[in-house]
Structures are given as C-alpha cells and as structure tokens.
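Reading the structure
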Amino acid sequence: EAGTDVFAMDTASSGSTIPEFDSGFPVGFGLVKEVNGTQNWFASPRLTSGKYVRTDASNAETNLSMMAHDSNLGWGQGGFSTNYQSWMWKRHAGFDVVTYRGVGPRIAHIEHNLNKVPEMMWVKGRNLTASWQVYHNGVNGGTNPENYFLELNQNYGEDTGGRWNNTAPTATHFTLGSQDQVNGAASNNYDYIAMLFASVEGISKVGYYDGQASDLTIEFGFQPRFLMVKRVDAAGDWNIYDTTRGLVSGADQELRLN
C-alpha cells in the first residue's frame, strides 16, 4: 500500500546481531556500499543468503557470512561500519528474484512471479566470470528493446547480441539466448540469478525519457526516495540518488553502480 512496505534504506548498526540493516520486511534483495569511500558494491539476494556478487565487476559469486538473510525484518550480520548503507527490496508486484541453471545451446524460458511484464531485468552468472546483462524497455527509444542489452558493471551504451533471444518478456516468463552471460551450456552447470523490476502505481516506476539542455521535470506519480538514471544511446554511468544521503536540488549525493 506504500513504498515503505517494499523498499527501505538504512545505515549499518555496526553491531553483531541480525539484522545489521533494518527494513521492516523480508529483504528479497539487498545492495550495500560504503557511501563515503571507494569500497565495492555488494549485492546479496535472499535466495542466495551468505553469498554476494558485485555490481561493479564481472566476478563470480563469493561466500561471506556477513551477507546473512536470517531475518524477516532486515538483513546482514556484523562487520559493517556505520559508513555503510543498504538499499533493500521486498519481492512483490514490482520486484522479483529468480535463480536458474543454464540450458544452452537450447533457448531458456524462465518463469517469474511478477504477474506483469518486467520492464527492467538484471541477470548475473553466479559461478562464472561474466558481466551483468540488463534488459530495459526504454533502450532504442522503446522500440524492440528485447533486441538490445546493457551491462550493469560497465558504462557502455546499448548494444545488440541476442541476450533475450530477441523475444519480449511476458507476465509469466522471460526468454534467453544461449550466450554464457545469460544461459551457458548445460554441460558447464552455470548458475544464474535475475532481478526483475516493474512499475506499480504509487509505489515504483520504471521508465525512460529524452534529455534536453535545460531543466526537465519527470513525473512519477509519487515522490521517489530512490532514483537510478543511465544514458543508453551512448556511454554513461549508472547513477544512483536517494533521500537518505540527500535528494534535493543542487545537493544530490551521487553514487555509481558500475
């Protein structure tokens, strides 16, 4: 009923008990970073509790007990200083997490639980070195976005390459080509994780716009607490803004997922 039901931000308690980061709900996916330093980004879904992948690298999944999800009110366990902040999503109508194993060279059809068409997807190979592959319904100006992809750990613009088998996602599943980045050969036993995002009126918004050389107002239908912007027709960073660190005119505190 409110954005706070499914998305939260918190700074670390610097304690030894779970949860390190408070959300008020079971965290389906947590991002964490030292916000005033150059430490890496750590991404930890509940489905792979005790492990993390980095959004700013192509590294395979790493075990780390601090990435614990043994709580229904937050996540994380000890070791984080108060300089760390977490961004936390609950699985709901606007967000889902799916794990799967590659079946290449066959095309993969992966079921999800959004019950609506995902508008953005992040896919990462868990046990292989491979860049994050991103689907967004706004690439190529919103025309045939399923023919294009972005990379979360890079600042590259949109590119073609059959990651989504040139097939648009549906309200029940998404389709993958046979590239190692999204659906490697079955004989390699490659495991993957996917984060899916969709718009929910008054709660979340995935969209796109054309920039201009002057102030531009973008309507969300609600006051956002978290904003991510990426230029797609040319190189551009994955820029993150939020109200915990400051989201006011002239004083936005920017971080970059890549």
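Provided above is the structure to which this section pertains.
Throughout what follows, the structure given in this document is the object of discussion.

**A few points about the overall build of the chain**
A tally of regular secondary structure across the chain gives one helix and 19 strands. In terms of overall dimensions, the chain has a C-alpha envelope of 50 × 45 × 35 Å along the principal axes. Looking at the chain as a whole, 49% of its 258 residues qualify as buried. In the chain, the proportion of contacts linking residues at least 24 apart, taken out of those at least 6 apart, comes to 60%. A total of about 11,800 Å² of accessible surface is found on the chain, and carbon and sulfur atoms cover 43% of it. For the chain, the separation between the mean place of its 18 positive charges and that of its 27 negative charges on side chains is 6 Å.

**Quick look at empty space enclosed by the protein**
Throughout the structure, instances matching the rule amount to one cavity of 30 Å³ or more. Taken as a whole, the largest cavity encloses approximately 30 Å³ of empty space. Broken down by secondary-structure element, the contributors of at least two residues to the lining of the largest cavity are β4 (42-45) and β5 (51-52). Partitioned by chemical class, the residues of the lining of the largest cavity number five nonpolar, one polar and three charged.

**Some words on the sheet that holds strand β11 (residues 120-125)**
Reading across from one edge, β9-β16-β11-β12-β13-β14 is the order of the six strands in this open sheet, with antiparallel pairing throughout. Lying at the two open borders of the sheet, with one neighbouring strand each, are β9 (95-101) and β14 (159-160). Strand direction decides the pairing type here: strand β12 (residues 133-136) and strand β13 (residues 148-151), joined by two bridges, are antiparallel. The residue bridging V134 from the neighbouring strand is L150, located in β13.

**Some thoughts on the sheet that holds strand β18 (residues 239-242)**
Pairing is antiparallel in the open sheet, where three strands are placed in the order β17-β18-β19. This sheet does not close on itself; its edge strands, each paired only once, are β17 (226-229) and β19 (255-256). Here β17 pairs with β18 via four bridges, running antiparallel. Along β18, the bridge assignment pairs V229 with N239.

**A closer look at the pattern of salt bridges**
If the charged atoms of two oppositely charged side chains come close together, the side chains can form a pair. In the structure shown here, the tally under the stated rule is eight salt bridges. With its nearest N and O atoms 3.0 Å apart, the salt bridge here joins R91 to D96. The partly exposed category is assigned to R91, whose relative accessible area is 35%. In the salt-bridge network here, residues are joined through shared partners; they are D237, E254 and R256.

Conventions we followed
- Residues numbered from 1 in each chain as written.
- Predicted model: local features only at pLDDT ≥ 70, side-chain atom pairs only at ≥ 80, totals over all residues.
- Heavy atoms only, no water.
- Helix = DSSP H or I, 4+ residues; strand = E, 2+ residues; numbered from the N terminus.
- Buried < 20%, exposed > 50% of the residue type's maximum accessible area, 1.4 Å probe, protein only.
- Contact = heavy atoms within 4.5 Å.
- Areas by Shrake-Rupley, 256 points an atom, 1.4 Å probe, with all protein chains shown as cover.
- Lys, Arg positive; Asp, Glu negative; His and termini not counted.
- Charge placed at Lys NZ, Arg CZ, Asp CG, Glu CD.
- 1 Å grid on protein atoms, 1.4 Å probe; cavity = no way out; pocket = protein on both sides within 12 Å on 5 of 7 lines; lining within 4 Å.
- Points joined across faces, edges and corners; volume = space filled by probe spheres on them.
- Nonpolar A, V, L, I, M, F, W, Y, C, P; charged D, E, K, R; others polar.
- Pairing = 2+ DSSP bridges.
- Salt bridge = Lys/Arg side-chain N within 4 Å of Asp/Glu carboxyl O.

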